[in-house]
Amino acid sequence: MLAIPDFRPGRIGLTVADILAKLRGLVPDPKAEPELPSPEERAARRDEAGSVLAALAAERDRELPRLAEAEHKAAQHLASLAPAFRAAEKAYAAAQDARFRREHDFRYSEESLRRQVHASHEPIIDEFIQDLYALWQANLEEPVNHEQRGTYFDRERVKRYPEIWSNAAAKVARRKAILAARDAAEAMKFDLDQSGIEGRLAAILESLPDGTEMTEVTGR
């Protein structure tokens, strides 16, 4: 006859370790009923628990009132501080607002004066900027120069190639310098002292790189 597995509560989830412990006698026999304590033992346990409960109640009655009193004093102190704290919050908000307003006033006034200086700049600056645009356009329209300056021998390919030189890189560098000079001249419109502005603009112009410089572009 086929045995029916025992799925009673308490046996579900049984592990291999549980079975091995049972086989090796490490687990007490569940059928063996535990020995009940005697009336004297039960009475002794109750007496012991009663003594501990009495001591616990006495400690509670001593400590909790003291803690409650400290809590009450802390609540009173907090209540006394609340008005001052709220007043300090308002004072801080007012001080912060005053600083923000004056900060804005200074920035606005400074920007207004800077715009006034800009509006009164020397006309030569605008003329100089227009001349720079003409230089930039001329640089853009001028063709790139390429020259063959002899030949070179490629040892890997065992072949001779032409040696090419070009001013393409110099033209690009000059265009970038012209745009940087334009920005520098535009910034001069905000200068309070614009005396000798012609000399300063001339120095910027003289510092522009030459766009005709030839460099070798042969891919060696």
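This one's a predicted model, so the numbers in the text were calculated from it and none came from an experiment.

(A) The arrangement of the packing of helix α4 (residues 168-188) against helix α5 (residues 197-206) in detail. α5 packs onto α4 with a crossing angle of 165° between their chain directions and a minimal axis gap of 10 Å. With respect to α5, the axis of α4 lies roughly antiparallel. In this structure, the crossing between α4 and α5 has a hand that is right-handed. Taking contact as the criterion, the partners of A181, A184, A185 and M188 in α4 are, on α5, I197, R200, L201 and I204. The class makeup of the residues in the contact of α4 with α5 is 7 nonpolar, no polar and 1 charged.

(B) The side chain of Q194, seen in detail. Mapped onto the secondary structure, Q194 falls in the loop between α4 and α5. The exposure class of Q194 is buried, given its relative accessible area of 11%. Only 3.2 Å separates the side chain of Q194 from the backbone oxygen of K189, close enough to count as a polar contact. Setting aside chain neighbours within four positions, we find Q194 in contact with H121, E122, I125, M188, K189 and R200.

(C) Representation of the sheet that holds strand β1 (residues 146-154). What the 3 strands build is an open sheet, ordered β1-β2-β3; its pairing is antiparallel. The two strands at the open ends of the sheet, each matched to only one other strand, are β1 and β3 (215-216).

(D) Representation of α5 within the structure. Along α5, the residues classified as buried are I197, L201 and I204. One face of α5 carries all of its buried residues, which in axial projection span an arc of 55°. The secondary structure elements touched by the buried residues of α5 are α3 (123-141) and α4.

(E) Looking closely at the packing of α3 against α5. As a packed pair, α3 and α5 sit with axes 11 Å apart at the nearest point and diverge in direction by 15°. When the interaxial angle is binned, α3 and α5 end up roughly parallel. Here the hand of the crossing between α3 and α5 comes out right-handed. Mapping the contact onto sequence places I124, I125, F128, L132 and L135 in α3 and I197, E198, L201, I204 and L205 in α5. Among the residues forming the contact of α3 with α5, the class breakdown is 9 nonpolar, no polar and 1 charged.

The rules behind the values
Residues numbered from 1 in each chain as written. Predicted model: local features only at pLDDT ≥ 70, side-chain atom pairs only at ≥ 80, totals over all residues. Heavy atoms only, no water. Axes fitted to C-alpha atoms, helices over the stretch in contact; angles between N-to-C directions. Helix = DSSP H or I, 4+ residues; strand = E, 2+ residues; numbered from the N terminus. Parallel < 35°, antiparallel > 145°, perpendicular 65-115°, else oblique. Left-handed = near helix turned anticlockwise from the far one by under 90°. Contact = heavy atoms within 4.5 Å. Nonpolar A, V, L, I, M, F, W, Y, C, P; charged D, E, K, R; others polar. Buried < 20%, exposed > 50% of the residue type's maximum accessible area, 1.4 Å probe, protein only. Polar contact = N/O pair within 3.5 Å; in protein donor to acceptor, adjacent residues only side chain to side chain. Pairing = 2+ DSSP bridges. Arc of directions from axis to C-beta.

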